[in-house]
Structures are given as C-alpha cells and as structure tokens.
Amino acid sequence: MDHLLSSNKYDVAIAGAGLAGLSLAYKIKKNPKLAHLRIALIDPSPKTNNDRTWCFWSKETDCFEDILYTKWESIEFSSSGFTKAFTIAPYVYKMIRGIDFYRYTKDFLKSQEKVDFYNESVVKISESPDTTNTIQCQESRIKADTVFKSYYDKKDFSKDHFVWQHFKGWTIQTEEDCFDPGKAVFMDFRVEQDNETRFFYVLPFSTKQALVEIAVFSEEIPHESFYDPYLVHYIKNYLTGGKYTILETELGAIPMTTHNFIASKKSSVIHIGTNAGSVKASSGYAYKRIQQETDKVIKFMEQNRLYKYRPSSNRYHFYDKILLNVILSGKASGKTIFECLFQNLKPQTIFSFLDEEGKFMNELKVFSAPPSRPFIIGYLQEMYKKITGS
Ligand SMILES: Cc1cc2nc3c(=O)[nH]c(=O)nc-3n(C[C@H](O)[C@H](O)[C@H](O)COP(=O)(O)OP(=O)(O)OC[C@H]3O[C@@H](n4cnc5c(N)ncnc54)[C@H](O)[C@@H]3O)c2cc1C
C-alpha cells in the first residue's frame, strides 16, 4: 500500500484500477460534490508499462484530452480489391497511450487527500446491502459502503455469442519515410483469413514511426508467436522493404460478447468497465463507452443514488447479436461485411451506428449494405431464440 492508513473503512472501494477504475476515481476527486469521499483503489498491477493504447473516434472532447498522444482526421480502409481514404469530420480518430493515462490519473489521485492505493489482488468481495461490504485482498481487509468492480472472469459470461478479439502490434521505426501521419489505416483485410476475421491497422506517429497491429476474432487465443510471421509479411509487402526497428510490442485480448450484463437492483457492488459490458460486442471498442459510463455513475453519485449501468439498449443489443451470429456462424465473413460497409457507406454512418445514436436511417443503411441473406437468417435465428428463450 502506498499510504499509511488510519483505518481501513472507505466510502468507495474500486476493485481493479485500470481504465474504468482510474477514470471513475479521477472523476470523483475532480467533482466538488464528491471529492470529500474516501476512496480505496485495489489492483495488483503497478501500471508502470505501456500495456495498451486506446483509439476511438469522437466528435467531442473529454477530460483526458490533454494526454492525447496523437489524432487523425482521415482514415483508410483496404481489402484485396480496393483501398479507400476518407475524411471523417466531424469525427477525429484519437489515441491515448495507457502509460500516459495511468501516470496522469495516478499522479492526480496521489496528490489528493483520502485516496489509498493497495497493490494487491482482491480475493473475495462479501456483499452486504444494508451494512458495509468487505473486500478481502491478498493481505489487506477493506470495508467500503460502495464497491465498484471492473475486473472480470470469462466464466461469468453466459454461453451467448462470445469471441475474443486478440491482437499483437509493433511500434516500428523505419529508415525511410513510409507513413502518412495525417491518416490512420483503420482496417486492412489484405491478410489470409483462414475462416476467421483478421485485419491489420496502422497508426502512424510520424513519417518513420507507426504502430502496426494485427487483430483476429477467434474462440481461442493463440501463442504470442502466432502473429509474428503475419506482421513481418505485412510490413515487408505493404509498408517498407527496408530496415526497421521494433520499439514496443502490444499484446492483448478483448472479450466480444452479447452476454446480458444486467446488474442486480439491490447490489451495492457495482460492475463497471469490461465487467459491466462496456466493450461493444460487435466492435471491441470500449474507451468511449467507459467514459460515458463513469460520467453517468458520477451523476448518480451526486444524487446519492447507486447507478446500475446498462451498456446497450435492447435494440442495439439485438443488432450486436445478429452481427456476431452472422460472423461466428460463417454465414458471411467479417471481411465481406466490412468490405461492403466501407465500399457503400461513409465512415460517419458506421461510427454513428456503432455509437448507438439511434438514427433509424443509419441503421437501415448499415443492414442493407452487406449481402442480405445471411442477415435475414441471422435475424430469424435470433428472433427464434428470443421467443423460445433458448
Ligand atoms: C491491449 C488492448 C488494447 C485495447 N485497445 C483499445 C482501443 O484501441 N480502443 C478501445 O476502445 N478499447 C480498447 N481496448 C478495450 C478496452 O478499452 C480496454 O480493455 C480497457 O482497458 C478496459 O477497461 P477496464 O477498466 O474494463 O479493464 P482494465 O483496464 O483491464 O482494468 C481492469 C484492472 O483490474 C485489475 N485486476 C485484475 N484482477 C484483479 C483482482 N483480482 N483484484 C484487483 N484488480 C484486479 C487489472 O490489473 C486491471 O488493471 C483494448 C484492450 C486491450 C487489452
């Protein structure tokens, strides 16, 4: 633990101090109505590595705008037959590096009164709706009125559609000018699909430096050496025939699931982040949803109410089910679907749909861009499951 404690009783305990946990603690301490609360943050990871980068499209600014690493106003989509570049205004595609976020939020939180960090794992949370909850950590035992829990166990997700989006990326430095720093390669499907959904993205920081990453949707996560030949081949064939140096490696997996994340109304242990369904099931993006979610939690806390996060409306939850049904059953490949979307639609329409903005015309456009037969079958199958409860 970083601070010496006078007591182990807190107003708020945050189990899992990653993106959701640190965003929430930061927003509590920045809020004049809530800053008096005593907070415990519990996480075994010291968060001293750049373990991930978050990219997201946005029309607005948020409270972490100062730590943006870079941003792009244009994106490119490529597949076997075509390459298309788009300007994305009013959106901007933005990147925040994990390490910058961890430093920024932790430095701020450490400068505040009534914040304690416990560098250990939570072993058990014993819930007590009427009295105080107990959080048993590896060494410490903490009590808190409200507990937010962000880490998850895949076993807790139902057997509804589930697929990992797993990836490996290298930040490379080239000798020649190879990249256009004004444009991010959003998706490039010029890679053997092998009955999965596989694509690259290239996020340039300068003409000689970029993060090059391969993402794969599959049920199992392979050994980390799996990705290397694909990365080497892609860099050689599409980026540079010359020499390059690998500066950093990013490796990770995101659960994409249509599990029904509905929180118990009585519980004072509140799920946040990935554990609350903040990862959009059909895209794997979560950064923006986590910021929206933690903003809502703060609004409820201001009114002394407990917030139960509901990540998607029934309608969008159903759309995600259809999309995952179509991709996972092989009715249409991810490559075919994304090719059709980017050949026929503007990225702004796709972003608005993925942001669940509720624009019916956009929804219609998105569902009519890819081949209709797989989606009609997917729709009928999901309707059948809904009606029969199977
Ligand atoms: C490598 C990577 C890249 C990603 N890139 C993007 C992106 O570009 N855009 C996007 O929108 N989303 C992205 N995501 C998805 C998502 O935004 C991130 O996973 C995000 O970090 C989720 O936030 P979280 O708080 O739910 O989980 P995390 O940030 O993973 O935080 C959970 C925390 O819980 C801690 N923990 C685990 N077990 C315990 C325990 N027993 N007790 C206490 N603490 C525990 C972990 O150490 C961790 O710090 C990415 C994910 C990964 C893995």
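Structure: see above.
Residues numbered from 1 in each chain as written. Predicted model: local features only at pLDDT ≥ 70, side-chain atom pairs only at ≥ 80, totals over all residues. Heavy atoms only, no water.

1. Details of the packing of helix α5 (residues 314-328) against helix α9 (residues 372-388)
Look at α5 against α9: their axes get within 9 Å of each other, and the N-to-C directions meet at 120°. Put simply, α5 runs oblique to α9. As α5 runs across α9, the sense of the crossing is right-handed. Of the residues in α9, those in contact with F318, K321, I322, L323, N325 and V326 of α5 are P374, F375, G378, Y379, Q381, E382, M383 and K386. Each residue belonging to the contact of α5 with α9 can be placed in one class, and the counts come to eight nonpolar, three polar and three charged. (Axes fitted to C-alpha atoms, helices over the stretch in contact; angles between N-to-C directions. Helix = DSSP H or I, 4+ residues; strand = E, 2+ residues; numbered from the N terminus. Parallel < 35°, antiparallel > 145°, perpendicular 65-115°, else oblique. Left-handed = near helix turned anticlockwise from the far one by under 90°. Contact = heavy atoms within 4.5 Å. Nonpolar A, V, L, I, M, F, W, Y, C, P; charged D, E, K, R; others polar.)

2. Concerning the sheet that holds strand β7 (residues 92-97)
On the basis of which strands lie adjacent, the open sheet formed by three strands has the order β3-β7-β4 and antiparallel pairing. Whereas interior strands pair on both sides, the edge strands pair on one side only; in this sheet they are β3 (53-58) and β4 (68-72). Geometrically, the sheet is characterised by an average inter-axis angle of 20° between neighbouring strands, direction not taken into account. When β3 meets β7, the two strands line up antiparallel, connected through six bridges. Across the sheet, residue S58 finds its bridge partner in β7, namely V92. The strands that helix α2 (residues 98-110) touches are β3, β4 and β7; relative to β7, the one it contacts most, it runs at about 65°. Most of the contacts of helix α4 (residues 287-302) go to β3, to which it runs at about 75°, and overall it touches β3 and β7. (Pairing = 2+ DSSP bridges.)

3. What to know about the nonpolar core
Residues I75, Y93, L203, L341 and F342 are the most contacted members of the largest nonpolar core, which totals 47 residues. Of the residues forming this core, the biggest block, eight residues, is contributed by α5. Composition of this core by domain shows at least three residues from each of domain 2 (162-256) and domain 3 (314-388). Ignoring any residue separated from it by four or fewer positions in sequence, one finds L341 in contact with I350, V366, A369 and P370. (Core = buried A, V, L, I, M, F, W, Y, C linked by side-chain atoms within 4.5 Å. Buried < 20%, exposed > 50% of the residue type's maximum accessible area, 1.4 Å probe, protein only. Domains from an automatic or database assignment.)

4. So, the site of the ligand
By nearness alone, 31 residues border the ligand, and D43, K47, C55, T274 and A286 come closest of all. K47 places a side-chain nitrogen or oxygen 2.8 Å from an oxygen atom of the ligand. Between a nitrogen atom of the ligand and a main-chain N or O atom of V122, the distance comes to 2.8 Å. Protein contact buries 85% of the 980 Å² of open area that the ligand shows by itself. Where the shell around the ligand is concerned, the elements lending two or more residues are α1 (19-30), β3, β16 (244-257) and α4. Examining the composition of the shell around the ligand, we find that four residues originate from one element, β16, more than from any other. Both domains that meet at the shell around the ligand, namely domain 1 (9-51 + 98-157 + 258-302) and domain 2 (162-256), each give it at least three residues. (Near = heavy atom within 4 Å. Polar contact = N/O pair within 3.5 Å; in protein donor to acceptor, adjacent residues only side chain to side chain. Areas by Shrake-Rupley, 256 points an atom, 1.4 Å probe, with all protein chains shown as cover.)

5. Considering the environment of C63
Turning to its location among the elements, C63 is positioned in the loop between β3 and β4. Measuring from C-alpha to C-alpha, the distance between C63 and S23 comes to 9.5 Å, with 40 residues separating the pair along the chain. Excluding its chain neighbours within four sequence positions, the residues that come into contact with C63 are Y26, K27 and Y104.

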